[in-house]
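Chains, contacts and geometry: an overview
Listed below are the residues making up each chain.
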Amino acid sequence: MAPATAAPRAPAKENGKAEATIEPVLVVSGLRAYFQTSSFGVEREVRAVDDISFHVGANEIYGLAGESSSGKTTLIKTVAGAIRPPLRVLSGSVVFDFRGRRVSVYDSDPQVMDEIRWKHLSYIMQGSMNVLNPVRRVRHSFVDFAFRHIGRKMPEFMDIVRTHLQRLHLTPAVLDAYPHQLSGGMRQRVTIALATVCRPEFIIADEPTTALDVIVQNGVLAMLRDVQREIRSSIIFVTHDMAVHANLCDRLGIMYAGRLVEEGRTADVFKAPKHPYTAHLIASLPRIGYVAARKGLEGTPPNLADPPSGCRFHPRCPLAADICRRQAPPMTWSSPGHRVACFAAATGSAQ
Amino acid sequence: MTPPLLEVREVVKAYSMGSVLSRHRIRAVEGVSFTMKAERPEIFTIIGESGSGKTTLARMILNTVSPTAGTIRFRGTDLSKIWRGRDRLAFMRGVQPIFQNPFDAFNPLKQIDRYLFTTARRMAGLRTVKEIEDRADQALKKVGLSLVEIRGRFPHELSGGQLQRIAIARALISTPALIVADEPVSMIDASLRMSIVNLLRNLRDEMGVSIIYITHDLATAYYISDRIIIMRKGRVVEGGDARAVLDNPQHPYSIQLKQAVLSPDAAGSGGALLSAGLVESQAELGELT
Ligand SMILES: Nc1ncnc2c1ncn2[C@@H]1O[C@H](COP(=O)(O)OP(=O)(O)OP(=O)(O)O)[C@@H](O)[C@H]1O
Ligand SMILES: Nc1ncnc2c1ncn2[C@@H]1O[C@H](COP(=O)(O)OP(=O)(O)OP(=O)(O)O)[C@@H](O)[C@H]1O
Ligand code: SF4
Ligand SMILES: [Mg+2]
Ligand SMILES: [Mg+2]
């Protein structure tokens, strides 16, 4: 079992703002969410989120990385309460605290959740062009999604939108375009603009910058961080781009095969990764100038409908021992603010 | 003399955009030219600003969008002259796409394995169910998946990176002469990304496949490309030998682009790099796009 998150202690911020304990805004405990389907009489269970516990503090950017298909999208969908069959929550809880207003996602009635989603929580879905109505101009999406919440008169509202778009390196002319007339990266930025123009208290962003060149990407990230700092909101940011994590996130969680395998302050995870998967991931980052042949991880990502026994990383782990095949390693604190799920890491370093 | 594999000459694509009242023209691609030789397979990389016309250029090469001006020839045949079904099929067998956003690339109502089977039948000319399934499985295994894992599943039942890998597998089923890959690894983790980039390299070296690789990732571009062009606002601002260009960019935009690449070593810096880089780039380029 993962340690209870009853008293999640967020570590003090690096910039020394002297916040010894930060009130968590989100507490996820023992969360299990599986895709359960049956076709032609064959039951199939994809264990995409398997016993995950973590918290996110106020004024914190929490990064999430991990192998492709390790369950990142499923985890944050479940956190945002945006699930539908065949995805089912089997156990655990997701509790938000929006400045004193406590909302337990899987114990509240749907109306409350709807209201929360509009007012406090903003979820940028992966590849999320689908929030844009394909047959209406972009302008209408802003009016539909954001006008009510900003509470200004229309001309003033449009000014706010235009200024916001410019911060994302977009010309206000995109407002008159249909989604298909925009490039992939332009659409991605429009989606981000929609999700942030109302300055929500909690932003969940799933790979929001995959289609952006690095200059524009940095502008988008700077905007996100400024908005976050202004109102001390919280962000969960999912990306495969580890350099983005390094530059943006306060803490970082690493997922592998449906489980959270490591978590700590971003600098700690980068400088001293404890889990062999994390260590490999960080060592494999390509850099400009690399020309010598470099290899990816041996083996293939596990099939979550039939995951390996014990530690799910064992078939690919250079340190695997007997116990790893039989038992799942629990998440344990290896140092203050840094936890890892690995038998070898508990006794020494995994690097 | 054999004609070039691909010859792109002075292509332009103009779109009109805006409302009926304020209609304006956008020059998405503005006079781009390059040639890929038939006798030397290569990885030709296109990087550049978001909205600079990369996807539009790719679509013209795939003959799904026609240029406003200029010509594109594949093995000597002008794409605008391909009419007959037989010619179209021959062209499609020669040039395979990997589309930018995997969430848009697949029909949501169609099971994903069908795409692979159709490709095996039409592009590789396979007949028996066993042959077709074996070929699909082989292609999937190269990208870290398998037929058992995805059989019968719909696009929304797969992760972003899985979809992207299936799009790559589809292009591997036949052996085309040219693959046009539009940001093929943008949703894949660094480790798998490396395996896939190696795969592209092997395709070039062992199967003689040429690849147009559109990406925002300068590190993998450096790692696999032979030549590179850098685009901004529809134009090529700089081009040449990939390593020479990336080691020592000359155009102000290319220089900015390289400087803006974030470093994973900055962990714990509190993101100082983010805003600093931005202010600088805006000041020097003197505008927002
Ligand atoms: N509707 C569904 N039915 C069955 N399985 C699903 C469904 N949606 C996702 N999955 C599976 O759940 C697993 C986790 O997917 P998820 O999208 O959460 O991964 P991810 O970590 O976000 O990956 P990526 O980085 O590639 O986006 C994958 O194996 C995926 O195939
Ligand atoms: N069908 C269309 N109608 C009108 N304008 C279009 C259309 N398709 C693309 N454009 C415009 O052409 C320009 C170039 O778009 P394109 O998709 O080629 O850019 P890109 O370089 O691929 O960008 P990204 O890196 O963001 O994917 C953009 O300004 C876009 O708005
Ligand atoms: S628990 Fe064992 S198999 Fe798993 S990561 Fe640690 S050493 Fe490797
Ligand atoms: Mg995902
Ligand atoms: Mg594009």
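Residues numbered from 1 in each chain as written. Chains lettered and ligands numbered in written order. Predicted model: local features only at pLDDT ≥ 70, side-chain atom pairs only at ≥ 80, totals over all residues. Heavy atoms only, no water.

Side note on the site of ligand 2
Put simply, the rule reads: We call a residue near a molecule or strand when any one of its heavy atoms sits within 4 Å of it. The definition of a polar contact used here is a pair of N or O atoms within 3.5 Å, where within protein one atom must be able to donate a hydrogen and the other to accept one, and adjacent residues in sequence count solely through side-chain atom pairs. Note on areas: Shrake-Rupley, 1.4 Å probe, and residue coverage restricted to the protein chains presented here. By the convention adopted, Pro, Cys, Tyr, Trp, Phe, Met, Ile, Leu, Val and Ala count as nonpolar, Lys, Arg, Asp and Glu as charged, and the other residues, Gly among them, as polar.
Lining the immediate surroundings of ligand 2 are 22 residues, of which A:Gln181, A:Ser183, B:Gly51, B:Thr55 and B:Thr56 lie closest. Per-site note: the chains with residues close to ligand 2 are chains A and B. A:Gln181 places a polar main-chain atom, nitrogen or oxygen, 2.6 Å from an oxygen atom of ligand 2. Contacts to ligand 2 include B:Gly51, whose backbone N or O atom sits 2.7 Å from an oxygen atom. Contact with the protein chains covers 93% of the free accessible surface of ligand 2, which is 640 Å². Of the residues belonging to the shell around ligand 2, the class tally is six nonpolar, 13 polar and three charged.

Details of the sheet that holds strand E6 (residues 95–98) of chain B
All names here are of chain B. Let me state the cut-off plainly: Note: two strands are recorded as paired if DSSP finds a minimum of 2 bridges between them. Runs of E in the DSSP output that reach at least two residues are strands. Runs of H or I that reach at least four are helices, and both are numbered from the N terminus. The axes are straight lines fitted to the C-alpha atoms, using for helices just the contacting stretch, and the angles between their N-to-C directions are given from 0 to 180°. By the convention used here, residues are in contact when the closest approach between their heavy atoms is within 4.5 Å.
Taken in spatial order, the six strands make up an open sheet running E6-E7-E8-E3-E9-E10, and their pairing is mixed. The open sheet has two edge strands with one neighbour each: E6 and strand E10 (235–241). Going across the sheet, the axis of each strand differs from the next one's by a mean of 15°, ignoring polarity. In this sheet, strand E8 (residues 210–214) lies alongside strand E7 (residues 178–182) in parallel orientation, the contact comprising five bridges. Looking across to E8, one finds that Val180 is bridged to Ile212. Against the sheet, helix H8 (residues 190–207) makes contact with strand E3 (43–48), E7 and E8, and its axis sits at roughly 150° relative to E8, the strand it touches most.

Observations regarding the sheet that holds strand E1 (residues 6–17) of chain B
Residues and elements named next belong to chain B. Taken in spatial order, the four strands make up an open sheet running E2-E1-E4-E5, and their pairing is antiparallel. Two strands in the sheet have a free side with no partner beyond their single neighbour: strand E2 (24–36) and strand E5 (77–78). Pairing geometry for E1 and E2, over ten bridges, is antiparallel. Its bridge partner being in E2, Ser16 is matched across the sheet by Arg25. Set on the sheet, helix H1 (residues 54–61) makes contact with E1, E2 and strand E4 (69–74); between it and E1 the angle comes to about 120°.

So, the coordination of the magnesium ion (ligand 4)
Six octahedrally arranged donors around a metal ideally form angles of 90 or 180 degrees; four tetrahedrally arranged donors ideally form angles of 109.5 degrees. Spelled out, the test is: Listed donors are limited to N, O and S atoms within 2.8 Å of the metal, widened to 3.2 Å for Na, K and Ca; water is not among them, so incomplete-looking sites are possible.
A:Thr73 (OG1) and A:Gln126 (OE1) make up the full set of protein donors to the magnesium ion (ligand 4), lying at 2.0 to 2.2 Å. Here A:Thr73, found in helix H1 (residues 72–79), pairs with A:Gln126, found in the loop between strand E6 (121–124) and helix H3 (138–150); they are 53 residues apart in sequence, far enough to count as distant.

Considering the site of ligand 1
Taken together, 22 residues form the shell around ligand 1, and within it A:Thr73, A:Thr74, B:Ser159, B:Gly161 and B:Gln162 come nearest. Mapping the residues adjacent to ligand 1 onto the chains of the assembly identifies chains A and B. Contact distances for ligand 1 include 2.9 Å between an oxygen atom and a backbone N or O atom of A:Gly71. One nitrogen or oxygen atom from the main chain of B:Gly160 is found 3.3 Å from an oxygen atom belonging to ligand 1. Alone, ligand 1 offers 640 Å² of accessible surface; in the complex the protein occludes 96% of this. Partitioning the shell around ligand 1 into residue classes produces five nonpolar, 13 polar and four charged.

Describing the packing of H3(A) against helix H4 (residues 154–167) of chain A
Residues and elements named next belong to chain A. Here is the rule we go by: Here roughly perpendicular refers to angles of 65 to 115 degrees, roughly parallel to angles under 35, roughly antiparallel to angles over 145, and oblique to all remaining angles. Helix crossings fall into two classes, left-handed where the near helix is turned counterclockwise from the far one by less than a right angle and right-handed where it is turned clockwise.
Relative to each other, H3 and H4 sit at 115°, their axes nearing to 11 Å. When the axis of H3 is compared with that of H4, the two are roughly perpendicular. Considering how the two elements wind past one another, H3 and H4 form a crossing that is right-handed. Contacts between H3 and H4 involve Arg139, Phe142, Val143, Ala146, Phe147 and Ile150 on the former and, on the latter, Met154, Phe157, Met158, Ile160, Val161 and Leu165. By residue class, the composition of the contact of H3 with H4 is eleven nonpolar, no polar and one charged.

A look at unusual backbone geometry
Residues and elements named next belong to chain A. Inclusion rule: Residue burial is assigned from relative accessible area. The probe radius is 1.4 Å, only protein chains are included, and a residue is buried under 20% of its type maximum, exposed over 50%, and partly exposed in between.
The amide bond that connects Pro85 to the next residue, Pro86, takes the cis arrangement and shows omega of 10°. Mapped onto the fold, Pro86 is located in the loop between H1 and strand E4 (87–98). In this model, Arg99 sits at a positive phi of 45°, which is unusual for a non-glycine residue. Inspection of the secondary structure assignment puts Arg99 in the loop between E4 and strand E5 (101–104). The exposed category is assigned to Arg99, whose relative accessible area is 58%. One non-glycine residue, Glu207, lies in the positive phi region at around 45°. One can find Glu207 in the loop between strand E7 (202–206) and helix H6 (214–230).

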